[in-house]
Each structure stands twice: as C-alpha cells, then as structure tokens.
Amino acid sequence: MAKRPSAMDRFLEWTLNLDRRWIYLLVAVSVITPIVVPIGLPVTTTSSTRSAFEFVETLKPGDVAWLSFDYGPSSAPENDPMAEAFLRQCFLKKVRVVVIALYPLGGLGLANNVLAKITAEFPNLVYGEDYVNLGYKDGAAAVMRRLGDNIADAFPTDVNGRPIGEFPILRGIHDIKQVKVVFTAATGLIGEYWITQVHAQFGTPVIIGPTAVSAPKYYAFLNAGQLVGMLGGMKGAAEYEKLLRAKYPELDRFYGGTRLFTATKGMDGQTVLHTVILLLILLGNIAYLRSRARRRVTDVGGGRGPAGTRP
Amino acid sequence: MRWATRFRLLAVLSALAGSAAWAATSSSAPVPANLVARDNPGDSGGAILLTWTPADSGSLPSDSIHIFRAEAPAFEWKQLAATTPSAGRYVDQTAAAGHVYRYELRSGGISAAVSEPASSRDNWFRNERANSLIATIIFLIAVLGSIAMARSGKPLFIRKIAGLNAVDEAIGRATETGKKVLYVPGIQSMDDIQTVASVSVLGHVARATARYGTDLDVANRDPLTFASARETVRSAYLAEGRPDLYREEMVNYVTYDQFAFVAAVSARMVRERPATIFLIGHFFAESLILAETGQSVGAIQIAGQADPTQLPFFVATCDYTLIGEELFAASAYLSREPVLLGSIRGQDIFKALCLIVGIVGIVMASFGNNWVAQVLLTR
Amino acid sequence: MSFDFGRVALFIFFFVVPVIGIALGLRSPAMRSRIPIITAFIAGMIPILSLYIPKGFLSGPQGMSPRLDRWLIIVAGFALLLGIVNVVQNNSRRIARRDAGWAFSVVLLAGLLVTGSLGIWGAVSGEGIGFRADGSTTPFKWIEDRFFQPLQSTIFSLLAFFMASAAFRAFRARNTEATILLVAAGLVMAGRVPLFELLAAPFPALQPSAASVSLFLGGLTEWIMNIPNGAAQSGIIIGDALGAASMAIRVILGIERGYLGLGAGE
Amino acid sequence: MTETFPGIGIWISALLTLFAFSFLYKDNPFFRFAESLFAGVSLGYYVGIVLNQTLKPNLIEPLTTNFAGNWDLLMAGGIGLLLYMRYVPKIGWVSRYALAIYVAYYIGVEFTRRIHGEVLPQLSRTVVPLFPWTGATLESLVFVIGVYSVLVYFFFSKEQNRVTRKIARVGIWFLMISFGAAFGFTVMGRIALLIGRLNFLILDWLYPALGI
C-alpha cells in the first residue's frame, strides 16, 4: 500500500512544478532589497587577501608597480573594486603605477574609466611621473614575452600614442624584472599567463584578483608560492577594502558615500542571495529524498523510478 | 623503454642538474679579497658577474662597500653601485656586450680589491633551466615514443572509461521506453578539441541507436560541427548495416545565437520529452537551462566536458559526467586513433614519473634532505 | 638596412619558404599541406628554444625570438578581426534571402558599421578611442560606455537567474559524488558570506553566537579551499598541462593538422 | 543629495539593460535586438582597439617613421593579411601559411608555460616532509594524498587493479570537494554581475529619474 504523500510532500511537489519565473522574481527581490535598504553586514578577511595587502604595504615610495586590466565589463562588479583599491593604496604610498589592458573584450575602456576616477581623487598626481596608461595590446602571451626583455618592444607608445621615452616613470624601468609587483585583475586565462609565464620565467612577484568563478584554481598556485596574494571575487575585493580602510582612515570619504558602488556594499546582496540559494538547494533535495523514499516503499523490487537512477 | 631503466636515467640526469646549479661559497675573510669579474653565465650577454670572498662587516671602516667600474681603453673609475661586503656577489646588468671592463671594490675610500679585465658575451645555455629542459626531453621521449609505437601497429591498451558503460546503459533505457535520444555536441566549432572528442563519442552513440533502432536527434549550434556530426552519424548507420534507419533530419542545425539556441533546444526537450540526453562538448554557463530542463522532463542525462568551469553544475544535475581528461580518453578508446592512444599513454608515463619523483622526494624530505624540491623549482 | 642574423633568418623562414611553397603548391596539391607544416615547426620551435638558449642570434635583443614576438603581436590583431568576415557574410546572406529574423542581422551590421568606422576615425584623426587630450570622451568611447558595457554585463548577469532556478529544480544529491559536491558547496557558500549574522540580524541576543559560528565556518572554508580544493586543483593542473603540452608537440611536429583545415591523411 | 536628471547616455544604457533582462520573461524581439546589437558593437569595438592600440603604434608608425630599422614588420603585416585569403575561393589554401605561423607560435609559447610554469612548480610543492608527526605534516599528508590520487584517477593506459581503483576513488572524493568549492565560488561570481547591473539601474538611473 503506497505511503500517502503528506501535506509537506504535496507542498514541495507544488513548489517544484512552479513556473521558474517565480524563482527569477525571488532572485530579483533578494538583490534589490539590500540595495534599497543597505544592511552593512561585517566582512571577515582571509589569509590570501591579507598576504596580498601586506606585500603591497612593503613597497617603498618611488617603487614601480604594474596593474593589468585582464577582464571585461561582464565581471566589472567583482574586478573594478579590486583595481580601485590597489590604485588607492599605491597612490597613498607614493608608489608609481604603470597601467595596461590585455583583455580584448572591453579591458581598455575599464582601464581608462577606473584610472580617470581614481586619479580625480588624488589631484596632485602627475601623468607620466606618478602613473602612466600604456593602453591595450593584442597577443597577451607575446606581449608578456617582450615585457621580459624590453617594455618598449611591446608598448612603443602610451594609450594616446606618445612615445614612452617621454615619461620619467619608465626611465628606470627597462623590463618587467625591475617592477616590484604585477597586480592582474583577471577573468579568464590571461591572469594565469602572468603566473605561469611572467613569474615563472622573469621572477616578478604577482598578485591576482580573479573573478570568483576562476578563483579556486589559484589556491594551487598560491600554495606553490607562485603567487604572493589573491583576492577571490567580490568577497576578496571587500576584504581588501576593509584592510585598506583600517590602515588608511582618510579613504572613508570615498568608501563612505551612499551612491558609490563598493564590494563591501555588494556583499549584502551576496549574503541574502546565498541564503536564498542554499534554502532552494535544501528544499529541492528534501523533496527529492522524500519522493525517492516514498517510491522505494511502493516498488517492492526497489527498481529505478522514472526520474531516479541507480543510487 | 621499461620504467625501471627510465627511472635510473632520470635519477642520474637530475643529480647532474643539481650540482650544476649550486656553486659552493667559501668561508668569510677579514677584508673582501680576490675579486673575480667574468661574463654572467646563461644569459644573452650584457651582464658581468662579480664574486669576491665575503668579509664580515665588523672589520671594515664603513658597513657598505662601493663598486667602481672602468671601461677600456680609458679605464677611468666611475661609481657603479653599493652593496654589503658579506654579499659576496653582484651582477652588473649594464655592461654592454663586447666592451672590456675592470672593477674595483672600495670601502670607506680605500681600495679593497681590483679585478682583471672582463667582458660580457651571450651564452649557449641557461644552466638555471637545466631541470626544465630535462623534464621536457623526458616528456618528448614518452609521448613521441608512444605515438611511434601506436602508429607501428602495436595495440596500445586504454581502459574502458566507466562513463562509456553509462552511455550504453542510457541508450538501452531509451530503447526500452521507445522514446528518442537527444545529443548536443557542445556549442563550439571543430577547432575546439572538446568538440572533436564529442563527435567521436557521437559516432559510438549513433552506432548503438542504429543497432537498437532508437530514434536519434542531434542539435547543433555551429555550422562546421553540424557538417562533421552529420557525416559521423551517416557513416555510423552505414557501418551497422542500417542505412534505411538513417533520416536526414536526425542531425539538424538550430541557430548560431547562443541564448536562442539554448531556448530552442530546451523547448524541444519539453515538447518531445527524450528518454536520454547527452550534453558532451564545450558548454558555457547558459547550458544550465539545458541540464535543468532535461532533468525536469525526467530524462537520463550524460554530460562530458574537459574544461572544469561547467563540471560542478553538470555533476550536480546529470546522472553521469565525463570529467576532464576522461572525455579525451573516451574518444581515444572509441576511435582507436593511434596518435590519441599514443599521446594518452605518453602522458600517463610522465604522470607515473612525476609520482615516483614526488614520492622519492617526500621520503628524502622526511629525512631532512630537501634536495628534490629544490631541483624541481624552475626560474 | 642593418644586417643581422635574426632578421634575415626570419625573412627566409617566413617569406622565402612560403613563397616557394605557394609556387610549388599551385602546381602540385600535395605540396599545399607539406610545406606549411615546415613553417609551423619553425614558428613553434623558436619560442621553445629561446627558453633554454640565450644565444644572441636566437634570444638576443635583435634575435629571432624577440623579433617573432613583435610580429605575432601584430598578427594577433589581424586574427582578432578574422571573425568579422564570416559574420558579415552570414548576416548579409541572411538579409539578402530575408531569412527569419533578418531584421536582427541589419541591427548587427549597423552596430558593427557605426562602431567600426568610429574606431577607424579615431586612428586616422589621431584622436584615439579613449579620452581626448582635454579629457572629453571620443564618440567611440561614448558608444563603448553606453552600448557595449551595459549590454555585455547584463547578458552575463542573466546567469544568476538560471543558476538559482537550477539550484531549486535540478541540483540533486543523487549519488555519493553529487552528495559530497553539494555538502562542500553548502559549507563554502555559508563560510564566505556572513550568513548567520544576517539570520541573527533581527535577534540581537543571538548575534554573538552567530558571529562565532560564522568565524568557525569561515576558517573551515579557508581550510577546504587551501587543502582539499588546492590538492585537487593541483592534480587537475598537472593533468591538463600534460594534455596541452602533448597537443602542442603534435601540432608543432605536424602530427596534428586538423587546425589547417585538412584531414590527417591529406 | 539629489542627483541631476540622468543624461541620454544613462537612459540608453538603462533601456538596453531592461531589453536584455526581458529574456527572463521569454525569448522576445527586444532581447534579440539587444543580443544582435551587442554582437555588432563588440565586433566594431575590436576594429577600434586593434587599429588604434596595436596596428597603428606597433606596425604603421614604426614603418612610416623608421622604415630602414623596421622593414621586417612588413612581413608581419603580410602574414596578418594572408589570414584573410581563406575566404577567397580556389586559392584559400594559401592562408595555411599564416594560420600555421599563428597557431604554431602561440601553441609553442603555451608549451613554454605548461611544463616549466605549471607541472614542475606544482610537483615541487608536493615534495614536503611527512615526518615527524605534527599538525603541519598531517595537513601535508592530506594534501599529497589529494594531488596524487587525482593524478591516479586520470590514468588511462593501465587497467585499474584493486589498489589503484581505491586510490582513484579517493581521487574522485577530492575532485568532488573541489567541484563543490568551485560551485560555491561560481554562485558568488554570478550574483556579483547581477548586483552590479541592478545597482546601476536603481542608483544611477531610477533614483535620479525619480529625483530621490
């Protein structure tokens, strides 16, 4: 005699057959509410982000750092805060920054926008001395080979076409070996090339800020000492922002503003939707396990149900 | 070559690499002495290596020493750099190739040591990368040797991947219920090796559906993949002697737009409720709609992809997933193509060597000798 | 014309040899596949050899390898635009035959034409495609900021919806592997966001214990990412690297020729 | 403080964003319009960056300013143009030379990364002491078992005997934990994109438009 499905089972069955667009609505609401009503949940830092932050803190005024925009608009909400936080930290420490972009699908536009936004916050910076934007270049792997010997081979001019010989910042820097750190905000493969090609062959320390989708892979490179730090996705960016504001309280005027998008504020929406998705997975699996248990009672032979397969 | 002999060869060669990379440094002396200047080894020229017996800084007037350089023929001394006496070595990166230089160490104004003339030149081998070259040579021997063996007709063994049993079982289920089999070979073109592997798995599936007379439907997004999938299915039905069962519209081209393709195929799943769905090839995140719809129509789903980004979702939604290299092993097992069989065997040999070197290294490290880890580090 | 070995060697390998190959190929089709394999071998070996041989003629400032790098930056630019030719072909054919949805092909070609010509204008006029010297934005950049960026990021943000719906309707712990996966996923998700602080927000009394639970889960997640995940990723990296290295060898030695658009036998 | 009324640019971005979101309701012409416009604009974007950032500074200017020193770049341009010959009927095979150089060079550079930059450093990381028993060596033991069992799992040219089948089983468990971790991270990655877009729609468009 089949076990009669309880009210709970009927409810679960009903929710499972709901149109998927109700779930889409639930997702939209879970993201919109924290934007309209910010919660301000705490952020805890992890060792991979702390080691990145502390390494940049060891740089001395006048050192040259390298920032590479290897992502596109499709991952800007995760990577922009990383690039902005790194630039603010360098400019506060009087570290000079060379900016390039190697991601074809939109890297250059983001480099221009982020640089314009941050240099507006530090009015006394001089283009060509404190920072320079060398723009985009095709053939990322070939560009990195040239950076190992002679930067001018790959980037003869800056983003506006001016020969790089004119810029004092590059006078002491002939190739990437003399750069103190390369920070790559990355989405796909190009970020990995900095580790397995530039660091492996030229030794320049690399910090990577990957999207959350590609972050798990970089724990293997972090363990092997091929990286000096990593910011994993939006959470990594929020951790870096927390460390930055703790060390440099004067940055609160940028991070405090209500309208400015920061990774820390984004984490509110992340938390709400993480909770919703965890509940959805639990609910879905409870319904699945109960229906499978019920079916096992009815099929004495314990054969495979229509949707089930061998356990 | 049997593994035992290959292992002895590796041990000898890496010992050679170990000694070449490490020059012993002598003990310290009161004043930095016998300064030697010579071409920096293993580079493209333009650098001169200075080595001197390091002095303990206590016995010197100032705690740092200054390096001076004089270029032939004038030989007037110019300050080059400053370093600590205990360093024992310094590399002058600014020495133009072919020019002759002499170097002098001065501490607190008094000259401590002067070197013979030296000039930099380009060298034939970067000895710091000997380990990487040896590993590459061993890899070449393993892979090219295995491919040559496979091409010479020697039958190479590949174990049957568990996934292929799942494939046959899933087609059996479709035959039982009389419903169709839907196959999606990924959304990339034939220049993606995962699509090539998927088409060879499709050949196996088509032969099974030809044998059992099950209805087959192959939905394509890329024109090139569509052409080679149609060719594969037609020859599979011929090989099984059932050309009569082959229908032109079995292999069809849906559309090129990524999201439109996914929406159209999931609508087809809901309409025709296939018993078995194969999602094998290179997919991107929107493939979640396919896996979810397939699950909701109660189909058995077999997925397969080499690049790991989609694998977590396929494992969570599908009944069986070919993971990473398994997809290529499956296509090698099915196609018996000598080059594929040889490559997989060559890679396995090198993986076995990595395991052996790793375990030997761990045993030695456990007894305090960290030499293997140092040998493996690349610069 | 300064004579140096690197430049002349590349001239022979990548100009003289292809010209001879094309001449021979015009007469006998067999040559059309054999000589490109030689060119591929040379182009593939130069970067590999320059990793180990620093000799001037190969890796020096004017050697073959640096010069080939500079060439291949330029060739990569041309290759990036290769896709445009068959997109224009397909879509103009779609418009000519008034296939279903040909209006969207018009939209596609219009977008390509306008943005492309603004890009060309930026190069010809010297204005560039970013900020002008006085800080104002070029028309190309205006289109990038207002059309390109929002479209790309929104189309990708749809994936969050698909994932949430699949989470509810499709992610099942149907076998041991999927169970381990979902349990690890749950722990990592709960460890990377202040989940318990959110749940305890309306109950001040629970907040300290919520914070300690989050701290513990955060530590557990970090351990999962470093050790079990780190180990598995390291194994995957070694396996994939050997697969890609063997594919590279097969292409450079001409064993694998599919990329040239010809069968292995031809 | 109330933002100024959003300009035409913000309105266009917001409209295109809503067109793209309309796919959630169902596949409709507005979404197809947004998707096609995106495909066209991104190809036009490639033309802009390739011409301005690569061909002009690295090819055209060196040839025009110092031809004697850079005449060999002509061949690079020639190879690039040769790629396009594949679309010319009958003599399309000529483009094989350009394709051979392009594909073989970048796969050769990839080869320099794979063994030198990935296999050896990762293998070197697994060579760690396992004695004496401490917290650290125990953790190293788990790590080493993980790496080597995954390697054994991807072993195909030998039949699995009793021992290797168990080791491969352990390998699968490590793989599943790392897939679970990747799953958790990917969830955060996808949500971040949505937060970015809705943040734009609400704070940069809706609020200023409503004068909040």
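If you're wondering where the values come from, they're calculated on a predicted model, not measured in any experiment. Counting restarts for each chain, with residues numbered from 1 along the sequence as it is written. Note on labels: chains are lettered from A, ligands numbered from 1, in written order. Residue-level local features of this predicted model are given only where pLDDT is at least 70; pairs of side-chain atoms are given and counted only at 80 or more, and the full residue set underlies all totals for whole chains, interfaces and linings. The side-chain numbers reported here are obtained from all heavy atoms of the structure, hydrogens and water having been left aside.

Observations regarding the overall build of chain B
Scanning chain B for helices and strands turns up 11 helices and 14 strands. Relative accessibility under 20% of the residue-type maximum defines a buried residue, over 50% an exposed one, and the middle range a partly exposed one, all with a 1.4 Å probe and only protein chains included. Each of the 379 residues in chain B was classed as buried or not, and the buried ones make up 54%. Within chain B, contacts between residues separated by at least 24 positions form 66% of all contacts whose residues are at least 6 apart in sequence. All accessible-area figures derive from a Shrake-Rupley calculation using a 1.4 Å probe, and residue coverage is judged against the displayed protein chains alone. Just so you have it, chain B exposes about 15,500 Å², and 60% of that area is on carbon and sulfur atoms. A run of H or I in DSSP becomes a helix once it reaches four residues, and a run of E becomes a strand once it reaches two; helices and strands are each numbered from the N terminus. The contact rule is simple, with two residues in contact once any of their heavy atoms fall within 4.5 Å.

Quick word on the overall build of chain C
When helices and strands are counted, chain C shows 10 helices and 0 strands. From first element to last, N terminus to C terminus, chain C shows the α and β order α-α-α-α-α-α-α-α-α-α. By the compact-globule yardstick of 18 Å for 266 residues, chain C is too spread out, its C-alpha radius of gyration being 28 Å. In terms of overall dimensions, chain C has a C-alpha envelope of 85 × 50 × 45 Å along the principal axes. Across the 266 residues that make up chain C, the buried fraction comes to 59%. Taking all contacts inside chain C whose residues are at least 6 apart in sequence as the whole, residues at least 24 apart take part in 39%. Computation of the radius of gyration draws on C-alpha atoms, with the globule rule given as 2.2 Å multiplied by the number of residues to the power 0.38.

Points about the packing of helix H6 (residues 258–272) of chain B against helix H2 (residues 29–65) of chain D
The axes of two packed helices give the description: the angle between them and the distance between them. An axis is simply a line fitted to the C-alpha atoms; with a helix, the fit covers only the stretch in contact. Between two such axes, the angle follows the N-to-C directions and lies from 0 to 180 degrees. Close contact between H6 of chain B and H2 of chain D brings their axes to 10 Å; oriented N to C, the two are set at 145°. Where H6 of chain B abuts H2 of chain D, its residues Gln 258, Phe 259 and Ala 260 of chain B lie against Phe 31, Arg 32 and Glu 35 of chain D.

Some remarks on the interface of chain D and chain C
The partner chain C presents 121 residues to the 111 residues of chain D that form the contact. Counting the surface lost from both chain D and chain C, the interface buries some 10,900 Å², and carbon and sulfur atoms represent 81% of this. Whenever Lys or Arg places a side-chain nitrogen within 4 Å of a carboxyl oxygen from Asp or Glu, that contact is recorded as a salt bridge. In this assembly, chain D and chain C are joined by 3 salt bridges. A salt bridge links Glu 177 of chain C to Arg 169 of chain D, with the nearest nitrogen and oxygen atoms 3.7 Å apart. Looking at the side of chain D that touches chain C, the elements that each hand over two or more residues are helix H1 (8–21), H2, helix H3 (67–70), helix H4 (73–82), helix H5 (96–126), helix H6 (135–153) and helix H7 (162–210) of chain D. It is H2 of chain D that provides the largest number of residues to the side of chain D that touches chain C, a total of 29 residues. A class-by-class count of the residues in the side of chain D that touches chain C yields 73 nonpolar, 25 polar and 13 charged. Note on definitions: buried area is the accessible-area loss of two parts on being combined, 1.4 Å probe, summed for both. Amino acids outside the nonpolar list (Ala, Val, Leu, Ile, Met, Phe, Trp, Tyr, Cys, Pro) and the charged list (Asp, Glu, Lys, Arg) are all regarded as polar, and Gly is one of them.

Describing the sheet that holds strand S2 (residues 96–101) of chain A
Residues and elements named next belong to chain A. Taken in spatial order, the 6 strands of this open sheet run S3-S2-S1-S4-S5-S6, and their pairing is parallel. The sheet terminates laterally at strand S3 (131–136) and strand S6 (229–230), the two strands that pair on one side only. Pairing between strands is defined by DSSP: at least two bridges between them are needed. As judged from the 6 bridges shared by strand S1 (residues 64–70) and strand S4 (residues 181–186), these two strands associate in the parallel manner. If you follow Trp 66 over to S4, its bridge partner there is Val 182. Here helix H4 (residues 76–92) sits on the sheet in contact with S1, S2, S3, S4 and strand S5 (206–210), set at roughly 165° to S1. In the packing of helix H5 (residues 107–121) onto the sheet, contacts are made with S1, S2 and S3, and the angle to S3 comes to roughly 165°.

A closer look at the interface of chain D and chain B
Contacts between chain D and chain B engage 38 residues on the former and 47 residues on the latter. Interface area lost by chain D to chain B is led by His 116, Val 127 and Phe 156 of chain D, which between them contribute 19%. The interface formed by chain D and chain B includes 0 salt bridges. Here a polar contact is recorded for every N or O atom pair within 3.5 Å, except that within protein the pair must consist of a potential hydrogen donor and a potential acceptor, and residues adjacent in sequence are included only if both atoms are side-chain atoms. Across the chain D-chain B interface, the total number found is 12 residue pairs in polar contact (both at pLDDT 80 or more). When contributions to the side of chain D that touches chain B are tallied by element, the ones reaching two or more residues are H2, H5, H6 and H7 of chain D. Take the side of chain D that touches chain B: its biggest share by element is 9 residues, from H5 of chain D.

Focus: the pattern of salt bridges
If the charged atoms of two oppositely charged side chains come close together, the side chains can form a pair. Inspection of the entire model under this criterion finds 43 salt bridges over all chains. Here Lys 93 of chain A makes a salt bridge to Glu 57 of chain A, at a shortest N to O gap of 3.9 Å. Note that Lys 93 of chain A is positioned in the loop between H4 and S2 and Glu 57 of chain A in helix H3 (residues 47–57), a separation of 36 residues in sequence. Both residues of the pair, Lys 93 of chain A and Glu 57 of chain A, belong to the buried class. The residue Glu 192 of chain A makes a salt bridge to Lys 217 of chain A at a minimum N-O spacing of 2.7 Å. With Glu 192 of chain A in helix H8 (residues 190–202) and Lys 217 of chain A in helix H9 (residues 215–223), this residue pair connects regions lying 25 residues apart in the sequence. One salt-bridge network, held together by shared partners, links Arg 145, Arg 146, Asp 149 and Asp 153 of chain A together with Asp 69 and Arg 70 of chain C.

Considerations on the side chain of Glu 241 of chain A
Residues and elements named next belong to chain A. Looking at where Glu 241 falls in the secondary structure, it is placed in helix H10 (residues 233–247). Counted as positive: Lys and Arg. Counted as negative: Asp and Glu. His and the chain ends are not counted at all. In this structure, Glu 241 is buried with no salt-bridge partner, the nearest side chain bearing the opposite charge being Arg 88 at 6.0 Å. When sequence neighbours within four positions are dropped, the list of residues in contact with Glu 241 reads Pro 81, Tyr 255, Thr 262, Ala 263 and Thr 264.

Considering empty space enclosed by the protein
Whether a set of points on the 1 Å grid over the protein atoms alone is a cavity depends on a 1.4 Å probe fitting there but being unable to get out, while an open set qualifies as a pocket with protein on both sides within 12 Å along at least five of seven lines; lining residues are those with an atom within 4 Å of a point. Grid points are joined across faces, edges and corners, and a volume is the space filled by probe spheres set on the points. Taken as a whole, this structure holds 5 cavities of 30 Å³ or more when the rule is applied. Of the volumes computed, that of the largest cavity is approximately 130 Å³. Looking at the lining of the largest cavity, the elements that each hand over two or more residues are helix H12 (263–298) of chain A together with helix H8 (176–192) and helix H10 (207–252) of chain C. Partitioned by chemical class, the residues of the lining of the largest cavity number 7 nonpolar, 5 polar and 3 charged.

Comments concerning the domain arrangement of chain B
In many analyses, interface size is given as the accessible surface area lost on bringing the parts together. We note that the domain assignment places domain 1 (30–125), domain 2 (127–145 + 340–376) and domain 3 (161–328) within chain B. Domain delimitation follows an automatic or database domain assignment. Of note, the centres of domain 1 of chain B and domain 3 of chain B, computed from C-alpha atoms alone, are 68 Å apart.

Observations regarding a nonpolar patch on the surface
A surface patch of nonpolar side chains, about 620 Å² in accessible area, is lined by Met 8, Phe 11, Trp 14, Leu 279, Leu 282 and Ile 286 of chain A. Mapped by element, the contributors of at least two residues to the nonpolar patch are helix H1 (7–16) and H12 of chain A. In this analysis, a patch consists of residues with relative accessible area above 30% that form no salt bridge, clustered at 9 Å for like charges and at 5 Å for the nonpolar side chains Val, Leu, Ile, Met, Phe, Trp and Tyr.

Describing the packing of aromatic side chains
Pairs were defined over the aromatic rings of Phe, Tyr and Trp, the Trp ring being its six-membered one, requiring ring centres within 6.5 Å. Orientation was assigned from the angle between planes: stacked under 30 degrees, edge-to-face over 60, tilted for the rest. For the coordinates displayed, the defined rule picks out 41 aromatic pairs over all chains. Look at Phe 161 of chain C and Phe 21 of chain D: their rings are 6.1 Å apart centre to centre, the planes differ by 80°, and that puts the pair in the edge-to-face class. Taken together, the residues Phe 161 of chain C in helix H7 (residues 139–169) and Phe 21 of chain D in helix H1 connect one chain to another. Side by side, Phe 161 of chain C and Phe 21 of chain D carry an identical accessibility label, which is buried. Look at Phe 23 of chain D and Phe 31 of chain D: their rings are 4.5 Å apart centre to centre, the planes differ by 40°, and that puts the pair in the tilted class. As far as burial versus exposure is concerned, Phe 23 of chain D and Phe 31 of chain D are alike and both buried. Ring pairs connect the aromatic residues Tyr 24 of chain A, Phe 161 and Phe 162 of chain C together with Phe 21, Phe 23 and Phe 31 of chain D, which therefore count as one cluster.

Comments concerning the sheet that holds strand S1 (residues 33–39) of chain B
Residue and element names in this part refer to chain B. Strand order in the open sheet made by the 3 strands is S1-S2-S5, with antiparallel pairing throughout. Strand pairing shows two members of the sheet lacking a second neighbour, S1 and strand S5 (89–92), which therefore form its edges. Strand-to-strand, the axes of this sheet are offset by a mean angle of 15°, without reference to chain direction. Summarising the sheet, strand S2 (residues 48–53) and S5 pair through 4 bridges and their orientation is antiparallel. When the sheet's bridge partners are listed, Leu 50 is paired in S5 with Tyr 90.

Some words on the side chain of Asp 43 of chain B
All names here are of chain B. Turning to its location among the elements, Asp 43 is positioned in the loop between S1 and S2. Within the buried set, Asp 43 has no salt-bridge partner at all; the shortest N-O distance to an opposite charge, 6.8 Å, is to Arg 126. Within the local environment of Asp 43, its side chain forms a polar contact with the side chain of Asn 40, the two groups lying 3.4 Å apart.

Some remarks on helix H6 (residues 140–149) of chain A
Extensive coverage of H6 of chain A is indicated by the burial of 9 of its 10 residues. Buried within H6 of chain A we find Ala 140, Ala 141, Ala 142, Val 143, Met 144, Arg 145, Arg 146, Leu 147 and Gly 148 of chain A. If you follow the buried residues of H6 of chain A, they end up packed against S1, helix H7 (151–154) and H8 of chain A, helix H2 (31–52) and helix H4 (64–80) of chain C together with H5 of chain D.

Let's talk about the packing of H8 of chain A against H5 of chain D
Interaxial distance between H8 of chain A and H5 of chain D falls to 9 Å at its minimum, and their mutual angle equals 75°. Considering their axes alone, H8 of chain A and H5 of chain D lie roughly perpendicular with respect to each other. Note on element contacts: H5 of chain D touches H8 of chain A through Val 109, Thr 112, Arg 113, His 116, Gly 117 and Glu 118 of chain D, opposite Glu 192, Tyr 193, Thr 196, Gln 197, Ala 200 and Gln 201 of chain A. Grouping the constituent residues of the contact of H8 of chain A with H5 of chain D by class yields 3 nonpolar, 6 polar and 3 charged. Here the angle decides the label: under 35 degrees means roughly parallel, over 145 means roughly antiparallel, 65 to 115 means roughly perpendicular, and every other value means oblique.

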